[in-house]
Amino acid sequence: MPATAELIEAIPIILSLILIEGLLSVDNALAIAAMASHLPEKQQKLALRLGIVGAYTFRGLCLVFVAWIQHNLWIKYFGAGYLIYLMCSHLTQSGHHEEGHKSMKGKGLWMTVCSIELMDLSLSIDNVIAAVALSNKLWVIITGVFLGILTLRLLAGYAIGLIKKFPVLGSTAFLLVGYVGFLLLFELITHIHLGAFGKFAGILAITFATIWYSKSAVLQKMFGPFVRATLVPMRWFSQSVGLLTWPITFLISKMRPTAS
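Residues numbered from 1 in each chain as written. Predicted model: local features only at pLDDT ≥ 70, side-chain atom pairs only at ≥ 80, totals over all residues. Heavy atoms only, no water.

Regarding the overall build of the protein chain
- Scanning the protein chain from N- to C-terminus turns up 12 helices and zero strands.
- Across the protein chain, helices and strands are ordered from the amino to the carboxyl terminus as α-α-α-α-α-α-α-α-α-α-α-α.
- Looking at the protein chain residue by residue over its 260 residues, the buried ones come to 45%.
- Taking the contacts inside the protein chain whose residues are at least 6 apart along the sequence as the reference set, 86% of them involve residues at least 24 apart.
- Split by element, the accessible area of the protein chain, about 13,900 Å² in all, is 73% carbon and sulfur. (Helix = DSSP H or I, 4+ residues; strand = E, 2+ residues; numbered from the N terminus. Buried < 20%, exposed > 50% of the residue type's maximum accessible area, 1.4 Å probe, protein only. Contact = heavy atoms within 4.5 Å. Areas by Shrake-Rupley, 256 points an atom, 1.4 Å probe, with all protein chains shown as cover.)

Given below as structure tokens:
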């Protein structure tokens, strides 16, 4: 059992992982619902249930590699770059939500389930890398990852309603992923380790700032040019990585949800 002081220090990290997992998974859950919507009602329920099983299974498999990631510096650098790439790639895409999952029409139950499981695998990789970036303690990573899934499943209806009310939260999730990537890169380069409460405060600040920005015409007028300007280097970085690693990024893009 972890000591009381260690447990207190771990709470902000666990809450951070729950928040990131929740936002990413809500977007994923909406996409899964869209993918399964063409199936009969009973098959829809089965597909969604198998999706939950897949989420736990793939995260469990990814957690097996946590110790290896933690003890290989180059993997951490790669992980930091990967998280930053995810943010840049998602935020510079346009119209991907409107495309939907029309390609799923006509596909049977098991083809649909396979597509859902591929998305679960992709999200599991993202989540575990983000978890390693936030904590070096295996028990904290495992607790945060699995509590994140459990919390989402218990509060799924509320969470989906929240992201429908604040659509910006779909982008906020990837902004947080990029933030975690930058934190990991900063710590690797400077060897300065930020406290758990500082990381959690940053995650909360980004979440509330994006919601406020999305609802305020004044803020959008003030900071809109700056926000649009930041998309230029992000697009450049995303396209550069895409050109260098196009077979991998193409496969990952096919695994990811494109509607919510």
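Some thoughts on the packing of helix H4 (residues 73-91) against helix H11 (residues 217-244)
- One can describe the packing of H4 onto H11 by two numbers: an axis separation of 8 Å at closest approach and a directional angle of 115°. Like other packed secondary-structure pairs, H4 and H11 cross with a definite hand, here left-handed. Taken together, the residues of H11 that come into contact with H4 (itself represented by Gly81, Ile84, Tyr85, Met87, Cys88, Ser89 and Leu91) are Leu231, Met234, Phe237, Ser238, Val241 and Gly242.
- Classifying every residue of the contact of H4 with H11 gives nine nonpolar, four polar and no charged. (Axes fitted to C-alpha atoms, helices over the stretch in contact; angles between N-to-C directions. Left-handed = near helix turned anticlockwise from the far one by under 90°. Nonpolar A, V, L, I, M, F, W, Y, C, P; charged D, E, K, R; others polar.)

Notes on the confidence of the model for the protein chain
- Per-residue confidence for the protein chain gives a mean pLDDT of 75; residues scoring 70 or more make up 74%.
- Mean pLDDT across the secondary structure elements of the protein chain bottoms out at helix H5 (residues 96-99), with 42, and peaks at H11, with 89.
- Below a pLDDT of 50 lies the segment residues 95-104, which in the model reaches 21 contacts outside its immediate sequence neighbourhood of four places, other chains included. (pLDDT = per-residue confidence, 0-100.)

Remarks on the side chain of Lys76
- Within the element layout of this structure, Lys76 appears in helix H4.
- Among buried Asp, Glu, Lys and Arg side chains, Lys76 stands out as unpaired, with Glu187 the closest opposite charge at 7.5 Å.
- Aside from chain neighbours lying at most four places away, what touches Lys76 is Ile69, Gln70, Asn136, Leu184 and Leu188. (Lys, Arg positive; Asp, Glu negative; His and termini not counted. Salt bridge = Lys/Arg side-chain N within 4 Å of Asp/Glu carboxyl O.)

So, the pattern of salt bridges
- Under the counting rule described, the total for this entry stands at one salt bridge.
- Here Glu187 makes a salt bridge to Lys199, at a shortest N to O gap of 3.3 Å. Here Lys199 lies in helix H10 (residues 196-215) and Glu187 lies in helix H9 (residues 169-190), a separation of 12 residues in the sequence.

What about the packing of H9 against H10?
- The contact between H9 and H10 brings their axes to 10 Å, and the two run at 150°. As summarised for this structure, H9 and H10 are arranged roughly antiparallel, according to the angle between their axes. Crossing of H9 against H10: the hand is right-handed. Counting all contacts with H9, which are made through Leu169, Thr172, Leu175, Leu176, Tyr179, Leu183 and Glu187, the residues of H10 involved are Gly198, Lys199, Gly202, Ile203, Ile206, Thr207, Thr210 and Ile211.
- Counted by class, the contact of H9 with H10 contains eight nonpolar, five polar and two charged residues. (Parallel < 35°, antiparallel > 145°, perpendicular 65-115°, else oblique.)

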